[in-house]
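Given next are the chains, with one letter for each unit.
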Protein chains: 2
Amino acid sequence: MSRTVYVNGEYVPEEEAKISVFDRGFLFADGVYEVTSVLGGKLIDFAGHAARLARSLGELEMDSPVTDDQLLEIHRELVARNGVEDGLVYLQITRGAADRDFAYPKDAEPSIVLFTQSKPGLADSPAAKTGIKVISIEDLRWGRRDIKTVQLLYPSMGKMAAKKAGADDAWMVQDGQVTEGTSNNAYIVKDGVIVTRQLSHDILHGITRAAVLRFAAEAQMKVEERPFTIDEVKAADEAFITSASSFVMPVVEIDKQLIGNGKPGPVATRLREIYLEESRKAAV
Amino acid sequence: MSRTVYVNGEYVPEEEAKISVFDRGFLFADGVYEVTSVLGGKLIDFAGHAARLARSLGELEMDSPVTDDQLLEIHRELVARNGVEDGLVYLQITRGAADRDFAYPKDAEPSIVLFTQSKPGLADSPAAKTGIKVISIEDLRWGRRDIKTVQLLYPSMGKMAAKKAGADDAWMVQDGQVTEGTSNNAYIVKDGVIVTRQLSHDILHGITRAAVLRFAAEAQMKVEERPFTIDEVKAADEAFITSASSFVMPVVEIDKQLIGNGKPGPVATRLREIYLEESRKAAV
């Protein structure tokens, strides 16, 4: 069955979901996006994603074609029309279509596209029970990773490098320190302390990251926000990632070396439970 | 009058020139491009652009949906249908449409889009007589600028920063050394020596750059391929850029300081003449 996709004000079958080849999202990667998880038919942390979207748009001097209320309505309408119980809503806004020119067009209308992906059992991923394997790669992305743009080719290449190496994902390293995963924030746990890189232009300001750090603090866990090295990862008691679609996911191996005992650790496991429980409660 | 655009095997009016919102060019900037100039209805250095396209595709493990002969035919057909005397042909190939996943899809067909832009008097740009002004900005692009991908948001931001500063373009600086302009290679001339950064992952391997350096050597001009600083630019006798659409363009000011006497210099002027003359002769 064909999904219904939202494109610039209209709900259309996915086969008809098209944008102009002159759209700056296509020609210049001049666009931003968000991915919001759906659990039990409800949106997880919608307000956080809407706020980050506004920030990304602001950094690029781009207007939003919709209000937050309209955005919520479109999310809910797509979830309903596509019968999504567990899954994702993907949203992209670009600067719109205009004849090709590096300079921003004066009169283009922003484009907006949303679609859903059903992922039955999203919160019960088998990977959460075994943990995932990562490799380390150099971080070659541009310098403003805090803006959630569609310039995602390098993360995509990183994911492929991981697959070729028999791993699930890649952690990126800049000046000897881990920045983040290809589409997630990275954490280690050592002697009961959770370590994750501090916010800056170097990493995405994860919505799930913010929630998990808040829950960790509420649970009296110690958190240090600072960079860490691959050697620290190898010597860590446990490691994990967070993202909107993987929630909290244990990492049990890096560059073919086990982390801790090679099994999901208690901190990641507990944070995953808390995050899912609290997020379901607050879902809209 | 509406242009005719080529999209995946069909010639369509530009209003109907659309691609799927699931195209990875739109979602991941997972695509490469080329821009070929047209002078007198003929293509400038088509073979060079076709060769670089093949290299970009190869670096991304992407297949081309067309042969070089087919590509040339499409270029010529678009130039003819749109009556382009002077202007450009833009070409983009992406990994194609597939449900969104960072990993490359196994079964997607690459997408191919070409369109023209008429630019009457392209070779007689008034800017070539006055020279252009640039500002310097930090180079925040990703680390593989030798692959001509559509991850062009930062160059686009750089062009806007230049416009806001009353300039025409921006030269990007990494570790204190100029890499290149937002959509062109950068050169200075000092004591009769042309200096331009050597090829590496740090810069685009300009087709016009290769031709101009060849012509410079043939004209017994001295060329040094090495990085240079903004201070060297300010102390230079002259400066210029090269690109497929600007050919050789003098740069007469950087960060509000005149370069040399603030007028197009003899080396840039001579190289522009040679480049245009030789390119017209070899156009196809």
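Residues numbered from 1 in each chain as written. Chains lettered and ligands numbered in written order. Predicted model: local features only at pLDDT ≥ 70, side-chain atom pairs only at ≥ 80, totals over all residues. Heavy atoms only, no water.

**Notes on the domain arrangement of chain A**
Residue and element names in this part refer to chain A.
Working step 1: Domain parsing of chain A yields domain 1 (4-121) and domain 2 (127-282).
Working step 2: A straight line from the C-alpha centre of domain 1 to that of domain 2 covers 25 Å.
Working step 3: In this complex, domain 1 contributes 20 residues to the contact, which on the side of domain 2 involves 20 residues.
Working step 4: Buried area between domain 1 and domain 2, summed over both chains or domains, comes out near 1800 Å², and the portion from carbon and sulfur atoms is 63%.
Working step 5: Of all residues in domain 1, the largest losses of buried area upon contact with domain 2 belong to Tyr 33, Leu 39 and Arg 52, amounting jointly to 33% of the total for that side.
Working step 6: There are two salt bridges connecting domain 1 and domain 2.
Working step 7: Between Asp 146 and Arg 55 there is a salt bridge whose closest N-O contact spans 2.9 Å.
Working step 8: Where domain 1 meets domain 2, there are seven residue pairs in polar contact (both at pLDDT 80 or more).
Working step 9: In terms of residues, the side of domain 1 that touches domain 2 owes the most to one element, strand S4 (residues 31-39), which gives seven residues.
Working step 10: Class assignment for the residues of the side of domain 1 that touches domain 2 results in nine nonpolar, six polar and five charged. (Domains from an automatic or database assignment. Contact = heavy atoms within 4.5 Å. Buried area = accessible area lost by both parts, 1.4 Å probe. Salt bridge = Lys/Arg side-chain N within 4 Å of Asp/Glu carboxyl O. Polar contact = N/O pair within 3.5 Å; in protein donor to acceptor, adjacent residues only side chain to side chain. Helix = DSSP H or I, 4+ residues; strand = E, 2+ residues; numbered from the N terminus. Nonpolar A, V, L, I, M, F, W, Y, C, P; charged D, E, K, R; others polar.)

**Remarks on the interface of chain B and chain A**
Working step 1: Facing 53 residues of chain B, the contacting portion of chain A comprises 53 residues.
Working step 2: Among the ionic pairs, Glu 61 of chain B bridges to Lys 164 of chain A, the shortest N-O distance being 2.7 Å.
Working step 3: Summed over the shared surface of chain B and chain A, the result is 27 residue pairs in polar contact (both at pLDDT 80 or more).
Working step 4: Counting only elements with at least two residues in the side of chain B that touches chain A, the list comes to strand S1 (4-7), strand S3 (18-20), helix H1 (24-28), strand S4 (31-39), strand S6 (87-94), strand S7 (111-118) and helix H5 (153-164) of chain B.
Working step 5: Looking at side-chain class alone, the side of chain B that touches chain A contains 28 nonpolar, 11 polar and 14 charged residues.

**Concerning the pairing of S6 of chain B**
Regular strands show a simple pattern: their side chains alternate between the two faces of the sheet.
Residues and elements named next belong to chain B.
Working step 1: Counting buried positions along S6 gives eight out of eight residues, so the element sits mostly inside the fold.
Working step 2: Here S6 shows two buried faces, one formed by Gly 87, Val 89, Leu 91 and Ile 93 and the other by Leu 88, Tyr 90, Gln 92 and Thr 94.
Working step 3: Examined bridge by bridge, S6 and S7 share eight bridges and lie antiparallel to one another. Within S7, the position partnered with Leu 88 by the bridge is Gln 117. (Buried < 20%, exposed > 50% of the residue type's maximum accessible area, 1.4 Å probe, protein only. Pairing = 2+ DSSP bridges.)

**Here we look at helix H3 (residues 68-81) of chain B**
All names here are of chain B.
Working step 1: With 14 residues, H3 ought to run about 20 Å at 1.5 Å a step, and its terminal C-alpha atoms sit 20 Å apart, in line with that.
Working step 2: Burial in H3 covers these residues: Leu 71, Leu 72, Ile 74, His 75, Leu 78 and Val 79. Taken down its axis, H3 places every buried residue within 160 degrees of arc, on the same side. Exposed side chains of H3 directed beyond 90 degrees from the buried face belong to Asp 69, Glu 73 and Ala 80.
Working step 3: Gly 83 lies just past H3 and shows a positive phi near 55 degrees. (Expected span 1.5 Å × (residues − 1). Arc of directions from axis to C-beta.)

**Section: the sheet that holds strand S5 (residues 42-43) of chain A**
Residue and element names in this part refer to chain A.
Working step 1: Strand order in the open sheet formed by six strands is S2-S1-S7-S6-S4-S5, with antiparallel pairing between adjacent strands. Because the sheet does not close on itself, it has two edges, and the strands there are strand S2 (10-13) and S5.
Working step 2: Of the pairings in the sheet, the one linking strand S1 (residues 4-7) to strand S7 (residues 111-118) comprises two bridges and is antiparallel in character. Bridge assignment links Val 7 to a residue of S7, and that residue is Val 113.
Working step 3: Across the sheet, helix H2 (residues 46-59) is in contact with S4, S5 and strand S6 (87-94); its angle to S4 comes to roughly 175 degrees. (Axes fitted to C-alpha atoms, helices over the stretch in contact; angles between N-to-C directions.)

**Side note on the relation of the copies chain B and chain A**
Working step 1: Structural alignment of chain B on chain A gives an RMSD of 0.0 Å, achieved by rotating through 180 degrees and translating 0.0 Å along the axis. The operation mapping one copy onto its partner corresponds to a two-fold rotation axis.
Working step 2: Most of the interface of chain B is mirrored in chain A, where 100% of its interface residues again form contacts. (Least-squares fit on C-alpha atoms with pLDDT ≥ 70 in both.)

**Topic: the packing of helix H6 (residues 207-218) of chain A against helix H8 (residues 266-282) of chain A**
Residues and elements named next belong to chain A.
Working step 1: Axis separation between H6 and H8 bottoms out at 10 Å; the angle between their running directions is 110 degrees. For the element pair H6 / H8, the angle class is roughly perpendicular. Residues Thr 208, Ala 211, Val 212, Phe 215 and Ala 216 of H6 touch H8, and the partners they reach there are Leu 271, Ile 274, Tyr 275 and Glu 278.
Working step 2: Taken together, the residues of the contact of H6 with H8 break down into seven nonpolar, one polar and one charged. (Parallel < 35°, antiparallel > 145°, perpendicular 65-115°, else oblique.)

**A short note on the pattern of salt bridges**
Working step 1: Considering all chains together, one arrives at 40 salt bridges over all chains under this definition.
Working step 2: Measuring nitrogen to oxygen at the nearest pair gives 3.0 Å for the salt bridge that ties Arg 141 of chain B to Glu 180 of chain B. Of this pair, Arg 141 of chain B sits in the loop between strand S8 (132-138) and H5 while Glu 180 of chain B is found in strand S10 (residues 177-181), placing the two residues 39 residues apart along the sequence.
Working step 3: Here Arg 141 of chain B falls in the buried class, since its relative accessible area comes to 12%.
Working step 4: A cluster of three or more residues bridged by salt bridges with shared partners is formed by Arg 55, Glu 59, Arg 144 and Asp 146 of chain A.

**Observations concerning H6 of chain A**
Residue and element names in this part refer to chain A.
Working step 1: Its 12 residues give H6 an end-to-end C-alpha distance of 17 Å, which sits within 8% of 16 Å, the value for a rise of 1.5 Å per residue.
Working step 2: Those residues of H6 lying buried are Ile 207, Thr 208, Arg 209, Ala 211, Val 212, Leu 213, Phe 215 and Ala 216.
Working step 3: At the C-terminal side of H6, Gln 220 shows a positive phi close to 65 degrees.

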